[in-house]
Amino acid sequence: MTDAPAQERAKPVLPDAQTVTFVKHWTDRLFSFRVTRPASLRFRSGEFVMIGLMGEVNEKTGKPKPIMRAYSIASPSWDEEMEFYSIKVPDGPLTSKLQKIEVGDEIILRPKPVGTLVHDALLPGKRIWFFATGTGFAPFASLLREPQTYEDYDEVIITHTCREAGELEYGAALIEDLKSDELLNEVIGEGFWKKIKYYPTTTREESPKMGRITDLMRSGEAFTDLGVTGMSPETDRAMICGNLAFNLELKELFESYGLEEGANSDPKHYVVEKAFLD
């Protein structure tokens, strides 16, 4: 048997390694990428996994230590690959390195999906709301491509609040692409995407709709813009993925509407993803 080339022998073997198949930089702060999917991995749209890269060599052990972080899976449960949407932090332990990945590189992916942003955690309803800030759009990128979302609800409202208009591009492009998605149109029915109401806002840069979604809801402007009467526990269900202040503010609003927080073990009217707040 012929020995492998020296370069191949020297290549480190990553645990739970998956190969990068696609990378796109949306802004100087945001990028998305796709990797191969482990054959045995099963997950529910909206869940997250731990992904990472090998870090510096540990002085005590003499071995590199993996740097891992929780990332929502942005692709739906039926996709043959896995997609992720990430922020770039110049000095971030993981993202400072992750933002430099290229097609053919490998990342570590721990195949143990968990999370609260799943349909099972909500009671049946007529209308579902997805509330996101920044890269909190990722789990909804998964759920917007999940057939169950349109089978369970008559209306799907996605709000996305970012500082600058360019930060909305990933979500806007995904929603536009849904219209021509042959698989979804075949599985769910042509025109399924007409159930979607997309409500993007910015807080710093000028855009067609300025303001924090919580302020726009309190004033009633958001409901007027969307052509809905408001939220009620009889008809509305909601999922939240954003920063801590955003989550707490929305929870307070929801409670004032009479909505109760649910969980996988106790489905109610709304759920919040808490995995990314540390």
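Everything numeric in this text was worked out from a predicted model, so none of it was measured.

(A) Geometry of the overall build of the chain. Assigned secondary structure in the chain consists of nine helices and eleven strands. At 20 Å, the chain has a C-alpha radius of gyration in line with the 19 Å of a compact globule built from 278 residues. Taking the principal axes of its C-alpha atoms as reference, the chain extends roughly 70 × 40 × 35 Å. Per-residue burial for the chain yields a buried fraction of 48% across its 278 residues. By sequence separation, contacts in the chain at least 24 residues apart represent 71% of the contacts at least 6 residues apart.

(B) Quick look at the pairing of strand E2 (residues 30-36). Of all seven residues in E2, six are buried, a share of seventy percent or more. Connecting strand E1 (residues 17-25) to the next strand, E2, in antiparallel fashion are four residues. The pairing of E2 with strand E5 (residues 81-87) spans seven bridges and is antiparallel. For Phe 33, the partnering residue across the bridge sits in E5 and is Phe 84.

(C) Local environment of the sheet that holds strand E10 (residues 236-241). Strand order in the open sheet formed by five strands is E9-E8-E7-E10-E11, with parallel pairing between adjacent strands. Two strands in the sheet have a free side with no partner beyond their single neighbour: strand E9 (196-202) and strand E11 (270-272). Here the strands of the sheet are splayed against their neighbours by 10° on average, with no regard to which way each runs. Here E10 runs beside E11; their pairing, made up of three bridges, is parallel. Bridging from a neighbouring strand, Met 239 pairs with Val 271 of E11. Each of strand E8 (155-162) and E9 touches helix H5 (residues 169-178); the most contacted strand, E9, lies at about 165° to it. Across the sheet, helix H9 (residues 244-257) touches strand E7 (127-133), E10 and E11, and the angle it forms with E10 is around 165°.

(D) The arrangement of the nonpolar core in detail. In terms of nonpolar packing, the biggest core is built from 31 residues, with Phe 130, Phe 140, Leu 144 and Met 239 touching the most fellow members. Elements represented by at least two residues in this core include exactly E7, helix H3 (138-143), E8, H5 and E10. Not counting residues up to four positions away in its chain, the partners in contact with Met 239 are Leu 117, Val 118, His 119, Leu 122, Ile 128, Trp 129, Phe 130, Phe 131, Phe 140, Leu 143 and Val 271. Within the second largest apolar cluster, 21 residues are counted, among which are Tyr 199, Leu 216, Met 217 and Phe 254.

(E) The pattern of salt bridges, seen in detail. For the structure on display, the rule yields 21 salt bridges. Of the charged contacts in the structure, one is a salt bridge between Glu 167 and Arg 29, with a shortest N-O distance of 2.7 Å. Placement of Glu 167 in the loop between E8 and H5 and of Arg 29 in the loop between E1 and E2 is noted, with a sequence separation of 138 residues between them. Residue Lys 268 is joined to Asp 266 by a salt bridge in which the shortest nitrogen-to-oxygen separation is 3.4 Å. If you follow the salt bridges from partner to partner, you end up with Arg 34, Asp 79, Glu 81, Glu 83 and Arg 145 in one network.

(F) Quick peek at the environment of Ser 256. Secondary-structure assignment places Ser 256 in helix H9. Taking the C-alpha atoms as reference points, Ser 256 and Pro 66, separated by 190 residues in sequence, lie 43 Å from one another.

(G) The packing of aromatic side chains, seen in detail. Counted under the stated rule, the structure contains 13 aromatic pairs. It is Lys 24 that lies over the ring of Trp 26; its NZ or CZ is 4.2 Å from the centre.

(H) Spatial organisation of H9. Taking 1.5 Å per residue, 14 residues should reach 20 Å; H9 reaches 20 Å between its end C-alpha atoms and fits that length. Those residues of H9 lying buried are Phe 246, Asn 247, Glu 249, Leu 250, Leu 253 and Phe 254. All buried residues of H9 lie within an arc of 165° about the axis, which places them on one face of the element. Along H9, exposed side chains directed more than 90 degrees from the buried face belong to Ala 245, Glu 252 and Ser 256. On its buried face, H9 sits against E7, helix H7 (213-219), E10 and E11. A distance of 3.3 Å separates the backbone nitrogen of Ala 245 from a side-chain oxygen at the start of H9, and that oxygen is part of Asn 243.

(I) Highlighting the state of the cysteines. In this structure the tally under the stated criterion is zero disulfides. In this model Cys 162 remains outside any disulfide bridge; the closest cysteine sulfur is found in Cys 241, 12 Å from its own.

The rules behind the values
- Residues numbered from 1 in each chain as written.
- Predicted model: local features only at pLDDT ≥ 70, side-chain atom pairs only at ≥ 80, totals over all residues.
- Heavy atoms only, no water.
- Helix = DSSP H or I, 4+ residues; strand = E, 2+ residues; numbered from the N terminus.
- Rg over C-alpha atoms; globule rule 2.2 N^0.38 Å.
- Buried < 20%, exposed > 50% of the residue type's maximum accessible area, 1.4 Å probe, protein only.
- Contact = heavy atoms within 4.5 Å.
- Pairing = 2+ DSSP bridges.
- Axes fitted to C-alpha atoms, helices over the stretch in contact; angles between N-to-C directions.
- Core = buried A, V, L, I, M, F, W, Y, C linked by side-chain atoms within 4.5 Å.
- Salt bridge = Lys/Arg side-chain N within 4 Å of Asp/Glu carboxyl O.
- Phe/Tyr/Trp six-rings, centres within 6.5 Å; stacked < 30°, edge-to-face > 60°.
- Lys NZ or Arg CZ within 6 Å of the ring centre and 35° of its normal.
- Expected span 1.5 Å × (residues − 1).
- Arc of directions from axis to C-beta.
- Polar contact = N/O pair within 3.5 Å; in protein donor to acceptor, adjacent residues only side chain to side chain.
- Disulfide = S-S within 2.5 Å.

As far as function goes, none of this settles anything; it's purely spatial.
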